[in-house]
Structures are given as C-alpha cells and as structure tokens.
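Report on the structure
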Amino acid sequence: MTDKELADLIFPDIKETPEDYEKMYPKRNLKEGAVVSRFAPSPTGFVHMGSLLTTLIERKIPDETEGVFYLRIEDTDQKRSVENGISGIVQDLKNFDIKIDEGALSETESTGVYGPYVQSQRKKIYECYAKSLIERGLAYPCFCSPEELDETRKIQELNKERIGYYGSFAKCRNLTNEERKERILRGDPYVIRLKSPGVYEHKVVFNDLVRGKVVFPENDMDVVLIKGDGLPIYHFAHAIDDHLMRTTHVLRGEEWLSSVPVHIQLFDILGFELPKYAHLGLVMKIDEETGQKRKLSKRKDKEAAVSFYHEQGIPVMAVKLYLMTIGNSNFEEWLNQNPGHDYNEFKFDFKKMSASGSLFDLEKLINISRNYISRLTAEEVYENALKYTEEYDKEFNDLLVKHKDYAINMFNIERNQKKPRKDYAKYSDIRPYTWYMFDELFEKEENKVYEWQTINNLGEIKNILKLYLEKYYHEEDDEQTWFERLKDLSEELGYAREVKDYKENSEKYKGHVGDISMVLRVAVTTKNQTPNLYQIIKLFGKDRLVKRLNEVINK
Ligand code: GLU
C-alpha cells in the first residue's frame, strides 16, 4: 500500500489540496511592512490582564503600520471551552475599546474573508494538510494507547532519557502501511503524528522579537498533529492558521517558547514562511501573604480578570496607560513628558519589553487612574460617570440625569487648575464621595454621622450656625469676602481671625477661624474633608444651605 493510498484510506472525504487553500487565502494586499497580528484565546469567557496587555500590542503594531488585527478562537481543547466563551471575550475587548478588523464576533458570527476564525470550524482544512503530509510520508497514524505511552515515559524517566515520542520510542513510526491499514480497518483508535525529520544534535536558531537570538536543539519528536477526536493539536493548527490567515507577527506567552523548534519544522515541511515571534513574559504580582513574586492568577486575584476594571469603573484609558508602562520600559518617561497624550502616539518597541515578565501593581494602576480622571474636563467626568452608573447604579444615574448642570458644576470644583483635585480613582468612587451633594440622597440617609472636629459641642455648633445664617451669610459674596465674614464671625464668638494668632496666644481664644469653617463644612456635608467649601455653598444656593444648617440647628 502506498502512502497516497493510506492517506485516502484515512481521509476519504478530503478532496481539496493545500494548493486550493493557498488560492482561497491569498497573500494579503497590504503595504510593505504592514503587520498582521492576532489574538488567539481559548473560548474561556474572559480576558486575563496578561492577555489584555498582549492584545494592546497586537492592536497597536498593525495600527502603526496599516496592518490587520484579528481574533481567532482556539477551541480545539474542549476542556478549556465554556458556554458563551466567545461572547465573553468579545465583550471584554469591546469594553476596552480594542477593535478587531476581522474574526469572531460572537458564538455564531464573524467578519473577514480569511475565516472561519473558530478552529473547530476549520477541521477540513487541517485534515487536508494532514492528508498531504501522509501522502508525502511525513505523517502517520499512531495506535499507541495512553497506557503504552505512559509505560514508555516511565522507562525514559528510569533511564534518565528525554521524555517523548521519538527515535526508537516512536513505535508506530515503523509500522508498514499494510499493518496500518489492517489496524484502521479493525477499528483501532489512532492519532496522526508528524514523522519528524529533525536531528536532536542539530541546532535551530531563531530571532525572538523580545528575547533576541534563541538557540534550541532541532525537534525530533513525532508530535501529534490530529488528536483522536479529529481536532488538531495547537502546533499544527498554529502553523496552518497563521499561514493561511497570513499572520506576520505571533505574540504569545513565553510558555510556547520551547515549542518553537516544532513550529519551525512544521512551517518548513509545509512550505510556509515563518512569522516573526515575540514571546512575552508573564504578568506577575507580589503575593500579599508570602511577599514572593508569582503569576497573576484568575483564581486568586480579582484584578486578573479585565471585567474587574469595568465593574469598578476604572477608565479604560487608565488601564491601558498602566499596561503600557509595564509593557514598555520607556513608556512612563514618555507619558510624563507628554501628559494627557494618547498612548497611540507612542511608538512601541519589542526590545523595551521585559523578557522575564512584568510586575503588576494595582496600587500604581489606581494612581494612574486618579491622575487620569483628574485631568478630564467636568463634562467628560460627567459623561463617563453617566455611562458607568447606567450599568451599575441606576439610582445615582437618575440623579445625574436629573441634575445634569449641577453635577457638571460639582465635578468642576477644583478641576481647572494646575494641580487638580484627585478625589476619584474610579467612577464607583463618585457616589461615596459626593452623595451629600444630592438632597435626595442626603435626606434618605437616616444614620448620618457628622464628623465634628475640635468644636464638637452641639450647643456651640448651633450658636455658630445660627449666627452665620443671621448675620454672615450673603449669597452673592465672592470667595474672599465670604472668608472675611467667617473671620468676623470667629471674632464675634471669641475665636482667632487667623490660625497664627491662635498659635501664638492660644489662651486668649476658644479656637480659630479654621475651627469655625470646619463646623460649617461638617454641617453642610457631614464630612470633615470635602472639596472647596465656598464653592459647595455657592452651588447649593440659599434655600438649600439654610435647610442643611437648620437640620443641625433643630437637632
Ligand atoms: N490558544 C493559545 C493560548 O491561549 C494561543 C497562543 C498563541 O497566541 O499562539 O495560549
């Protein structure tokens, strides 16, 4: 029996040839140097922070070169698939404004002419290439059972030999085609293996975009190409898909680095041009308990899933800016020199990526986010808060809609200045920081805790507030006049006009103007720390202020 006959026996329905697919998926018509990259997750339903960093770069380099970025779903390992696993990923990318030019859009839809973009729908294509390799004597059916393979592994371990299916351990390599036919017709289960032409003693050298020159022994393992369930193993699917989808740059986790010799061999025997590879280090974090560096883990770390940022209302741009700082060592410096600029203006450089992985620090991200929000205009904060609350806080959303101008004015307090106020690190902070600004929430709050400071005697507090309303509150006052009047009020009640006077002669006074303004601040807001009190009072207007102060006076 010839190899061709064996191939026909195994794949009787495959009529296409590799040449057909070459024609069906021609070289892309892009300008010289255009990068085609892809994100190729299993349909696990979520995007991990480490993958988000990868996709950011995968999106950025085509953007820099007029290339293409696409989404391919790698669902050949059914164990890693979950229901609606594609939609979850698509949604995460959408939430982070990472647009795809081609690829899966949902469980059932996709866009682009290089598809299907879901591997389980590409079975015929893999079979075609496997068939052609069998015809060429470069692949064969292997009937070894898991038990037999286990047995081989134990012997190898015992003899301290390399583990795997190669050389004399590759038992099915030497079956005759007649024996193969007999076992296939008998119904024995089998996989398709590569008949590796490699020699372990030979070296392969390749240039990783992040790591530079890497040297490995040539692959001599007869790796599985098609599993017993008919679906391909990663290596085989990677070679065929990235070739037919005309990927130029493969960015992936460093766990794939050691497989490169297999990939180089596959691309070579299939006659494909090798893409450029960038193997990215893991995203790590310092474990809170042990203080040791470890992988950022979806299971242990809430901040590992990108949905966390969306739920918290951490601005997409802040997350991206942070990821770029851990992605490229010179990004932070660039950002400091170009505050407020879009990271897309920054030129990404693989050489400035850490090969050993990057350390993820949520605190730092939060800090970037705080700075980022502080530099937005009040209108932008308002719009973003509106979007966030629409999804996560309907009650607050209604208030923002109802009091639009008021809310924008509120967000404007201490914003347009050299050092803007940095209250909010995330949109979910807004309500807890500003609830007292909304009468609806203020009145609803039954257990208000007034955070009185040095002056905490209710009788004295009432005196101060009454006098303020009677004599010293003038709605039209500018800030300076307003404060002068607080000083007059202080003096009338035996408090120092200036803090410094009080410090010099504390026995002469009951306190100072700062204590008085604190009483006013707490009476209006319940809080001892708020944005500029004058502006809050101004925003309130007379009626609302009187009502607030009377609530304390009438206690
Ligand atoms: N499905 C593979 C993974 O999630 C893709 C690796 C690649 O990008 O080639 O690890």
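Our structure is the block above this text.
Residues numbered from 1 in each chain as written. Predicted model: local features only at pLDDT ≥ 70, side-chain atom pairs only at ≥ 80, totals over all residues. Heavy atoms only, no water.

1. Remarks on the pattern of salt bridges
The full count for this structure, using the stated rule, is 58 salt bridges. When the shortest N-O distance is used, the salt bridge between aspartate 349 and lysine 352 registers 3.7 Å. Here lysine 352 falls in the partly exposed class, since its relative accessible area comes to 35%. Here aspartate 439 makes a salt bridge to arginine 548, at a shortest N to O gap of 2.8 Å. Within this pair, whereas aspartate 439 is found in helix H18 (residues 439–444), its partner arginine 548 is found in helix H23 (residues 533–553), the two being separated by 109 residues in sequence. Overlapping salt bridges bring together Arg38, Arg72, Glu74, Arg122, Asp241 and Asp242 as one network. (Salt bridge = Lys/Arg side-chain N within 4 Å of Asp/Glu carboxyl O. Buried < 20%, exposed > 50% of the residue type's maximum accessible area, 1.4 Å probe, protein only. Helix = DSSP H or I, 4+ residues; strand = E, 2+ residues; numbered from the N terminus.)

2. Description of the pairing of strand E2 (residues 68–71)
Side chains Val68 and Tyr70 of E2 all project onto a buried face; the interleaved residues Phe69 and Leu71 project onto the opposite face, where all are buried too. For the crossover from strand E1 (residues 36–39) across helix H3 (residues 49–65) to E2, the handedness is right-handed. Sheet analysis places E2 next to strand E3 (residues 102–104), joined by two bridges and oriented parallel. Pairing of tyrosine 70 across the sheet is with glutamate 102, part of E3. Regarding the hand of the β-α-β motif, the stretch spanning E2, helix H4 (residues 85–95) and E3 is right-handed. (Right-handed = clockwise from strand over helix to strand, strands pointing away. Pairing = 2+ DSSP bridges.)

3. Overview of the side chain of histidine 279
You can see histidine 279 is positioned in strand E11 (residues 276–280). Reaching out from histidine 279, the side chain makes a polar contact with the side chain of aspartate 208 at a distance of 2.7 Å. Here arginine 252 takes part through its side chain, which lies 2.9 Å from a polar atom of the side chain of histidine 279. With residues near it in sequence (within four places) discarded, histidine 279 still touches Phe206, Asp208, Val210, Arg211, Arg252, Gly253, Glu254, Trp256, Leu257 and Val260. (Polar contact = N/O pair within 3.5 Å; in protein donor to acceptor, adjacent residues only side chain to side chain. Contact = heavy atoms within 4.5 Å.)

4. Structural notes on the site of the ligand
All residues adjacent to the ligand are Arg38, Ala40, Glu74, Tyr234, Leu251, Arg252 and Trp256. Here glutamate 74 contributes a side-chain N or O atom positioned 2.7 Å from a nitrogen atom of the ligand. Taking tyrosine 234, its side chain carries an N or O atom lying 2.4 Å from an oxygen atom of the ligand. In isolation the ligand has 290 Å² of accessible area, and contact with the protein removes 84% of it. Along the lines of polarity and charge, the residues of the shell around the ligand split into four nonpolar, no polar and three charged. (Near = heavy atom within 4 Å. Areas by Shrake-Rupley, 256 points an atom, 1.4 Å probe, with all protein chains shown as cover. Nonpolar A, V, L, I, M, F, W, Y, C, P; charged D, E, K, R; others polar.)

5. Regarding a positive patch on the surface
On the surface, Arg375, Lys418, Lys419 and Lys422 cluster together into a patch of positive charge. Tracing the sequence through the fold places lysine 422 in the loop between helix H16 (404–412) and helix H17 (430–434). According to the relative accessible area criterion, lysine 422 is partly exposed, its value standing at 40%. (Patch = residues over 30% accessible without salt bridge, like charges linked within 9 Å, V, L, I, M, F, W, Y side chains within 5 Å. Lys, Arg positive; Asp, Glu negative; His and termini not counted. Charge placed at Lys NZ, Arg CZ, Asp CG, Glu CD.)

6. What about H3?
In this model, H3 (17 residues) spans 25 Å end to end at C-alpha, consistent with the 24 Å of a helix rising 1.5 Å per residue. Counting buried positions along H3 gives 14 out of 17 residues, so the element sits mostly inside the fold. Note on H3: the residue one or two positions beyond its end, glutamate 66, has a positive phi of about 60 degrees. (Expected span 1.5 Å × (residues − 1).)

7. Examining the state of the cysteines
Scanning the entire structure with this criterion turns up zero disulfides. For cysteine 144, which is in no disulfide, the shortest distance to another cysteine sulfur is to cysteine 172 and amounts to 3.7 Å. Its relative accessible area of 13% is what places cysteine 144 among the buried residues. (Disulfide = S-S within 2.5 Å.)

8. A look at the packing of helix H1 (residues 3–10) against helix H7 (residues 177–186)
Axis separation between H1 and H7 bottoms out at 10 Å; the angle between their running directions is 10 degrees. Relative to H7, H1 is oriented roughly parallel. Where H1 approaches H7, its residues Asp3, Leu6, Leu9 and Ile10 are matched on the opposing element by Asn177, Arg180, Lys181, Ile184 and Leu185. For the contact of H1 with H7, a count of residues per class yields five nonpolar, one polar and three charged. (Axes fitted to C-alpha atoms, helices over the stretch in contact; angles between N-to-C directions. Parallel < 35°, antiparallel > 145°, perpendicular 65-115°, else oblique.)

9. Quick notes on helix H15 (residues 394–402)
Where H15 is concerned, the buried positions are Phe396, Asn397, Leu399 and Leu400. One side of H15 carries all its buried residues, which in axial view fall inside an arc of 160 degrees. Away from its buried face by more than 90 degrees, H15 exposes Val401 and Lys402. (Arc of directions from axis to C-beta.)

10. A few points about the sheet that holds strand E13 (residues 293–295)
If you walk across this open sheet you meet the three strands as E13-E12-E14, and the pairing is mixed. Each edge of the open sheet is held by one strand with a lone partner, namely E13 and strand E14 (358–359). Taken together, the three bridges between strand E12 (residues 283–286) and E13 define a ladder with antiparallel strand orientation. Bridge pairing links methionine 284 to lysine 295 in E13.

11. Concerning the pairing of E1
Here E1 shows a buried face lined by Val36 and Arg38 and a second buried face lined by Ser37 and Phe39. Note that E1 and E2 share four bridges and pair parallel. Residue pairing in the sheet places serine 37 in a bridge with phenylalanine 69 of E2.

12. Description of the nonpolar core
Tyr129, Leu225, Phe236, Ile240 and Leu270 are the most contacted members of the largest nonpolar core, which has 61 residues in total. Once residues lying within four places of it in the same chain are set aside, the contact partners of leucine 270 are Tyr129, Leu133, Phe236, Ala239 and Ile240. Ala378, Met410, Leu465 and Val524 belong to the second-largest nonpolar core, a separate cluster that totals 57 residues. (Core = buried A, V, L, I, M, F, W, Y, C linked by side-chain atoms within 4.5 Å.)

Structural measurements only, silent on function.
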